[in-house]
Amino acid sequence: MMGKKGFMAFALFVFVIFTSLPHTTAAPLKPGEPIVIGVPTALGSIEGRDGWMAIQMAVEEINAKGGVQVGDAKHPLKAYSIDTREHEPGIPVQDALTATEKLILERKPHAIALGNFRSEVLLASMDLMAKYKLPYICSIAMTPLFQKKVLEAYDKYKYCFRNCLNAPYLVMYLQGVMDFVNKEYGFSKAYIIVQDTLWAQGTGKGLDKWYKKNGWEVGSFDAYALGASDFSPSLIKARAQKTQVIVPIFDMPQSGILLKQARAMQIPALLAGFISPVAPENAWKVFEGEVDGMINVIFEIGPVPVKAVPDSVAFNENFSKRWGNEARMNLSGHGPGPSYDSIYIFADAFERAKTVEPDAVVKALEQTDMSGVVGRIKFGKDHQVIYGFDPKETALACAVQWVKPGKREVVFPEAVAESKIALPPYMK
């Protein structure tokens, strides 16, 4: 017989072995049982809000057609969300992780969609996905460090994928815009203003490097903390330096103040970058026409319909039918298209894998090659969807320019452009 000390030692051994094993939450599917998709994100942000609405729309569409064929049976999809609040200033990364783990433990999802808003939280969440062996498609956070982690520790982080634009791709699109205004108008003086977050700093640094390699003069590179609401110090310097292009990179709600201050101060420079509140179709009304002339990168098409990509036009129309025209006009420029596509990507992977077993689903995701709202969807070895300038070959972002009487004209890439970049009235 085992003595008390021997029993305790054995129990401790079993506990250590058990807790060191990978955790899984979702059991194999029973006939007719729903496939559960967990959606932890910053629901208070416009990107998180719209992404969640897009996911619900995709789930409803797939279920209306009978669900997802997994082996011999069809299964409906069921999506559950939780608010990580990570877009709010001062919210610790751990709070967002706690919310995500709560969703995982309570809902026992087979996969995670949409996911993190902040890059800092995304990087930390990758360990949660590894712990629970959960296939995860991120559709908002943009740091390239995500890809680095996948490549350097594949066996651990192979469950993590991303189908939205990342910071280097945003730089690529901004470079295209800058190259055009340089050749067309001779602009060569820029001023970079970003928010102090990983993705925005990464974007600014990438663009700063490109500028200096291509003969541009960069007046300054300023970073503002989350929640900042006064950008006049940078704008004063930009005017003094006779800046021709101001590049703002912001997703925080307060960033619209930068545009309003630039207009109030009559700064004679082209604004070309990303200001989240300026992306929706209702921005002309919200900003009372002050967006006139601004070039804003729409991180993934869909919220802006691009005629060369019929699925993006259909998404725009169907979003209006499902949620109303006002909701469509409020659609953010980052997240909704990839969030919607992610559900179809998962459905396709489940069907090809013929199971919801995580490792099999990962292999199926890696072989994804399909058309979606954002164009052609294929993952690279680093589990990042590939973006480019031809939607028949890659996923697509675009740059739009606001013009009177309140329209967003697609001006880049050239392969899908529906208008040409023009100087705003105050620069002529």
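Residues numbered from 1 in each chain as written. Predicted model: local features only at pLDDT ≥ 70, side-chain atom pairs only at ≥ 80, totals over all residues. Heavy atoms only, no water.

Which parts of the structure should I look at to understand the overall build of the chain?
When you go through the chain residue by residue, the secondary structure sums to 15 helices and 18 strands. Taken against the 2.2 N^0.38 rule, which gives 22 Å for 428 residues, the C-alpha radius of gyration of the chain at 23 Å falls within 12% of a compact globule. With respect to the principal axes defined by its C-alpha atoms, the chain has extents near 90 × 50 × 35 Å. Burial status across the chain gives 55% buried among its 428 residues. Taking as baseline every contact in the chain between residues at least 6 positions apart, the subset at least 24 positions apart corresponds to 70%. Accessible surface computed for the chain: about 17,700 Å², of which carbon and sulfur atoms make up 56%. Once the 47 positive and 45 negative side-chain charges of the chain are each reduced to a mean point, those two points are 2 Å apart. (Helix = DSSP H or I, 4+ residues; strand = E, 2+ residues; numbered from the N terminus. Rg over C-alpha atoms; globule rule 2.2 N^0.38 Å. Buried < 20%, exposed > 50% of the residue type's maximum accessible area, 1.4 Å probe, protein only. Contact = heavy atoms within 4.5 Å. Areas by Shrake-Rupley, 256 points an atom, 1.4 Å probe, with all protein chains shown as cover. Lys, Arg positive; Asp, Glu negative; His and termini not counted. Charge placed at Lys NZ, Arg CZ, Asp CG, Glu CD.)

I keep staring at the packing of aromatic side chains and nothing clicks. Help me out?
The geometry of an aromatic ring pair comes down to the distance between the two centres and the angle between the two planes. For the structure on display, the rule yields 18 aromatic pairs. Ring geometry for W199 and F299: centres 6.0 Å apart, planes at 75°, overall edge-to-face. Of the two residues, W199 sits in helix α8 (residues 198-213) while F299 sits in the loop between β12 (295-298) and α12 (310-323), which places them 100 residues apart along the sequence. With respect to class, W199 is no different from F299; both count as buried. Feature note: the residues F315, F319, Y340 and Y344 constitute an aromatic cluster, connected by ring pairs. Positioned above the aromatic ring of W323, the side-chain terminus of R322 is 3.9 Å from the ring centre. (Phe/Tyr/Trp six-rings, centres within 6.5 Å; stacked < 30°, edge-to-face > 60°. Lys NZ or Arg CZ within 6 Å of the ring centre and 35° of its normal.)

Any chance you could explain the environment of A167 here in plain terms?
Among the structural elements, A167 can be located in helix α7 (residues 167-185). Separated by twelve residues in sequence, A167 and D179 place their C-alpha atoms 18 Å apart. The residues touching A167, leaving out its near neighbours within four places in the chain, are M142, P144, W199 and T203.

Explain the side chain of N316 here, please?
Residue position: N316 is located in helix α12. The residues touching N316, leaving out its near neighbours within four places in the chain, are G302, P303, V304, P305, R328 and L331.

Just to check I follow, could you spell out the nonpolar core for this structure?
Nonpolar side chains in soluble globular proteins tend to be buried together. I37, I55, Y211, W216, I343 and F350 are the most contacted members of the largest nonpolar core, which totals 95 residues. Per-element tally for this core: the top contributor is helix α2 (residues 46-64), with eight residues. The next biggest cluster of nonpolar side chains, apart from the first, holds 25 residues, and it includes L235, A262, A269 and V278. (Core = buried A, V, L, I, M, F, W, Y, C linked by side-chain atoms within 4.5 Å.)

Taken by themselves, the reported measurements are silent on function.
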